[in-house]
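# Coordinates in review
Take a look at the letters that make up each chain.
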Amino acid sequence: MARFVAIRLAQAIAIVFLVASLTFILIHIAPGDPTRSLTEAPSVPPDVRAQLRTNFGLDRPLLEQYARYIGNLATGDLGYSFAEHRGVGAAILERVPNTLLLTVAGVLIAFGLGVPIGALQGWRAGSKTDHTLTVTSLFFYSLPVFWLGIMLQLGLGLGIGILPVSGAIDPVTHDSLPWIGRVWDRLAHLLLPAITLGLVGAAAFARFQRSATLDAVLQDFVRTARGKGLAERVILFRHTLRAALLPTITLFGLTFPILLSGAVLVETVFSWPGMGRLIVDSIASRDYYVVIGTAIVSASMVVLGNLLADVLYWVADPRTRPSA
Amino acid sequence: MTPLLDVRDLTVEFDTADGHALAVDRVSFHIAAGETLGIVGESGCGKTVTALSILRLLDDEAVTSPSSAIVFDGTDIRRLDGEALRAVRGAKIAMVFQEPGTSLNPVLTIGSQITEALHAHRTIDTGAARARAIALLDLVGIPDAASRFTAYPHQLSGGMQQRVMIAMALSCEPQLLIADEPTTALDVTIQAQILELLQALKGRLGMAMLLITHDLGVVAGSADRVAVMYGGQIVEQAATRELFRNPQHPYTRALLDAIPRLDVVTPRLPAIAGAVPPATAWPAGCRFHPRCSQVLDRCSTDVPPTFVLAPSHFSRCWLADTSPGSRDG
Ligand SMILES: Nc1ncnc2c1ncn2[C@@H]1O[C@H](COP(=O)(O)OP(=O)(O)O)[C@@H](O)[C@H]1O
Ligand SMILES: [Mg+2]
């Protein structure tokens, strides 16, 4: 196990450097540079502009800039944000918890809703419940995430007016609330974006869990379990669902990047102060190192999500462990 | 004396994409307490469907004819509801399947798969269940049983897995053990060991056994009586000695010829020409007639009835018809 995790971590580091290099190349191929918005204003004299480029090291050969960046990266330094006038690490660190919160909440809703629904469908395949749920999950599955977000915003937020529709906290009252009030404030703000993200994921999980359960029901060992005279409840939970969860764990690793990119859209719709908006803004302003930094963090999250899925799989399926 | 298991007119049909499949057609047999009945036939003859019917383990799409009766120990299993059916499964009738590799749950330890059967039928605490499971593993010849308790199925060989299946089936001391091709998936040397084990355990525990196989050689040493199945029907039934000495149905004779023999050097096994047709397309008349070496004119049109040759020897073949003039047509 330890060896396995060590190998995966080494792979993760390699991936991070690959992503960093690739993003570095791509963002430098794109026209413009971080000083453009500043220096294109007619009032900025050319020598000021040149001075700025020198200060930021943007006048150095690209290869040298790259070498310096990678060198700094190896020491954990993510570079400087031209737009935020501070370290990229600090800028990202401020946003990452929000994105993580949203993504984890989305995953939990997707998993917690999708898996039981899909399992029920598979167990009662062909029933009326199954058909109704199939139509419902296909409906959510086919919705664009931002559209669903806007609809929920309009319906549940503005329409009924029970839930806030933007931001992560109430900027006016949050700090003056007692701790329980602050928790509720966060939760209320989280609810709509997390549901938006979770519903689409839940539909995908349900579709998948349904067919995994259908497969599991037909397994020989389920017949063995029934032949032993076990109760249907035991056959379902102990034998069928355990087997049916294995493929879903793999899916969990695979959907993590999809949910993460979904989070970027949801963050935009709900003005959620996460990494998503930082990504969008930094690309627009050619804030080179923020672009690369957010790419690195996203890649790390995806790698970690997959690692988590592998560990879960390892726990759930003894066949993947080295034999005793 | 009433038999332990009395199967009467068992008929099972499936609706498939290729049409209506008559997998089992009015099959009747009985097994006395402590007796072993062998069911022999090539693949696709309806043996597994027959076996699964007894414990009602067939999928929902299988339709069992309402006139079928499966009377076990005086009660018709077909009429049992959920709880009463569960009390029979595993406790009074237990089953061993063809593929031990897929019939054991890969994510549960073999120990827990044995103890869960015990817990399902008995009030027994965890420690006692564990002790009994280890004793059972020991009984079926698994070396170092106590340490194997926590092993997972994939850590065992096919033969050992089948021993675990047998231990599991025996856990509640059933009166009847159904073994559906228990050795087919195993190596030849292991096959003999498993058969010996079943035979020894049967004698020791006094249970009855339904031994299903496609190889007449397998039942030769184990079964008291043999039912030969072809095309979803029993085509010949007799005491084992009688069947081997005096086979009546050409299909039985063909199966006898196909037994691998050690005393005769044959370049290859004499397989029966042709193949079992799908259950959706049984031939008219006698179902075996297109492959039969002794086919008569009437075989392709007239369905042979079951002829009684001796009090317990039946054959479903026109050759057994001794009525006057029967050989003319
Ligand atoms: N679930 C099913 N659906 C449709 N046909 C089936 C099903 N199970 C078995 N059959 C058909 O019933 C016939 C007998 O099958 P089976 O009892 O498995 O044969 P055997 O065990 O003798 O090899 C075969 O033709 C098979 O295709
Ligand atoms: Mg079979």
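Everything discussed here concerns the structure shown above.
Because the structure is a prediction, the values reported are computed rather than measured.

## Things to note about the overall build of chain A
- Summing up its helical and strand segments, chain A has 12 helices and two strands in all.
- In terms of overall dimensions, chain A has a C-alpha envelope of 85 × 55 × 40 Å along the principal axes.
- A total of 324 residues make up chain A; the buried ones form 43% of that total.
- Pairs at least 24 residues apart make up 75% of the contacts formed inside chain A by residues separated by at least 6 positions.
- Roughly 16,400 Å² of accessible area belongs to chain A as shown, and the carbon and sulfur atoms make up 70% of that amount.
- Counting 25 positive and 20 negative side-chain charges, chain A places the centres of these two groups 13 Å from one another.

## Let's talk about the overall build of chain B
- Secondary structure summary: chain B contains 11 helices and 13 strands in total.
- In terms of principal-axis extent, the alpha carbons of chain B reach across some 70 × 50 × 45 Å.
- The buried share among the 329 residues of chain B stands at 54%.
- Residue pairs at least 24 apart in sequence account for 64% of intrachain contacts in chain B once pairs closer than 6 positions are excluded.
- Across chain B, the centroid of the 27 positively charged side chains sits 4 Å from that of the 35 negatively charged ones.

## Comments concerning empty space enclosed by the protein
- Tallied over the full model, the rule gives one cavity of 30 Å³ or more.
- The calculated volume of the largest cavity comes to roughly 80 Å³.
- Looking at the lining of the largest cavity, the elements with two or more residues in it are helix 9 (220-227) of chain A together with strand 7 (93-96) and helix 7 (158-170) of chain B.
- The class makeup of the residues in the lining of the largest cavity is six nonpolar, four polar and one charged.

## Let's talk about the environment of A:Ala125
All names here are of chain A.
- Within the secondary structure, Ala125 sits in the loop between helix 5 (88-123) and helix 6 (128-141).
- Sequence separation of Ala125 and Arg210 is 85 residues, and the distance between their C-alpha atoms is 8.2 Å.
- Sequence-distant contacts of Ala125, defined by excluding residues within four places in its chain, comprise Asp130, Arg210 and Leu214.

## Some details on unusual backbone geometry
Residue and element names in this part refer to chain B.
- A positive phi angle is found at Asp9, which is not glycine, with a value near 50°.
- Checked against the element boundaries, Asp9 lands in strand 1 (residues 5-16).
- Taking the relative accessible area as the measure of exposure, Asp9 reaches 35% and is therefore partly exposed.
- Its identity is not glycine, yet Asp144 carries a phi of approximately 55°, on the positive side.
- By relative accessible area, Asp144 is classed as exposed at 56%.

## Section: the layout of surface pockets
- By volume, the largest pocket amounts to about 1,200 Å³.
- Every residue lining the largest pocket is counted, 37 residues in all, and those nearest its centre are A:Arg226, B:Leu57, B:Leu58, B:Asp59 and B:Asp60.
- Here the lining of the largest pocket gets five residues from one element, more than from any other, and that element is helix 1 (residues 47-54) of chain B.
- Among the residues forming the lining of the largest pocket, the class breakdown is 15 nonpolar, nine polar and 13 charged.

## Brief notes about the site of ligand 1
Residues and elements named next belong to chain B.
- Surveying the vicinity of ligand 1 reveals 13 residues, the closest of which are Gly44, Gly46, Lys47, Thr48 and Val49.
- One nitrogen or oxygen atom from the main chain of Lys47 is found 2.9 Å from an oxygen atom belonging to ligand 1.
- Within the backbone of Ala279, a nitrogen or oxygen atom sits 3.4 Å from an oxygen atom of ligand 1.
- Computed on the free molecule, ligand 1 has an accessible area of 560 Å², of which 71% lies beneath the protein chains in the complex.
- The set of elements that each furnish at least two residues to the shell around ligand 1 consists of strand 1 and helix 1.
- Take the shell around ligand 1: its biggest share by element is three residues, from helix 1.
- Here the shell around ligand 1 is composed, by residue class, of five nonpolar, five polar and three charged.

## Let's talk about the interface of chain B and chain A
- Listed by partner, the interface residues are 27 residues for chain B and 22 residues for chain A.
- Buried surface at the junction of chain B and chain A, summed over both partners, amounts to about 2,200 Å²; 58% is from carbon and sulfur atoms.
- Looking only at chain B, the three residues that lose the most surface to chain A are B:Val107, B:Glu116 and B:His154, adding up to 25% of its buried area.
- Run the count over chain B and chain A and you get two salt bridges.
- Residue B:Glu116 is joined to A:Arg238 by a salt bridge in which the shortest nitrogen-to-oxygen separation is 2.6 Å.
- Taken together, the connections running from chain B to chain A amount to 13 residue pairs in polar contact (both at pLDDT 80 or more).
- Among the elements of the structure, helix 3 (100-103), helix 4 (110-121) and helix 7 of chain B are those that each provide at least two residues to the side of chain B that touches chain A.
- Here the element with the most residues in the side of chain B that touches chain A is helix 4 of chain B; it accounts for six residues.
- Here the residues of the side of chain B that touches chain A are counted per class, giving 14 nonpolar, nine polar and four charged.

## Structural notes on the environment of B:Ala120
- Within the secondary structure, B:Ala120 is located in helix 4.
- Between the C-alpha atoms of B:Ala120 and B:Ala87, which are 33 residues apart in sequence, the distance is 8.6 Å.
- Residues contacting B:Ala120, with those up to four places away along its chain left out, are A:Gly229 and A:Leu230.

The rules we used
Residues numbered from 1 in each chain as written. Chains lettered and ligands numbered in written order. Predicted model: local features only at pLDDT ≥ 70, side-chain atom pairs only at ≥ 80, totals over all residues. Heavy atoms only, no water. Helix = DSSP H or I, 4+ residues; strand = E, 2+ residues; numbered from the N terminus. Buried < 20%, exposed > 50% of the residue type's maximum accessible area, 1.4 Å probe, protein only. Contact = heavy atoms within 4.5 Å. Areas by Shrake-Rupley, 256 points an atom, 1.4 Å probe, with all protein chains shown as cover. Lys, Arg positive; Asp, Glu negative; His and termini not counted. Charge placed at Lys NZ, Arg CZ, Asp CG, Glu CD. 1 Å grid on protein atoms, 1.4 Å probe; cavity = no way out; pocket = protein on both sides within 12 Å on 5 of 7 lines; lining within 4 Å. Points joined across faces, edges and corners; volume = space filled by probe spheres on them. Nonpolar A, V, L, I, M, F, W, Y, C, P; charged D, E, K, R; others polar. Near = heavy atom within 4 Å. Polar contact = N/O pair within 3.5 Å; in protein donor to acceptor, adjacent residues only side chain to side chain. Buried area = accessible area lost by both parts, 1.4 Å probe. Salt bridge = Lys/Arg side-chain N within 4 Å of Asp/Glu carboxyl O.

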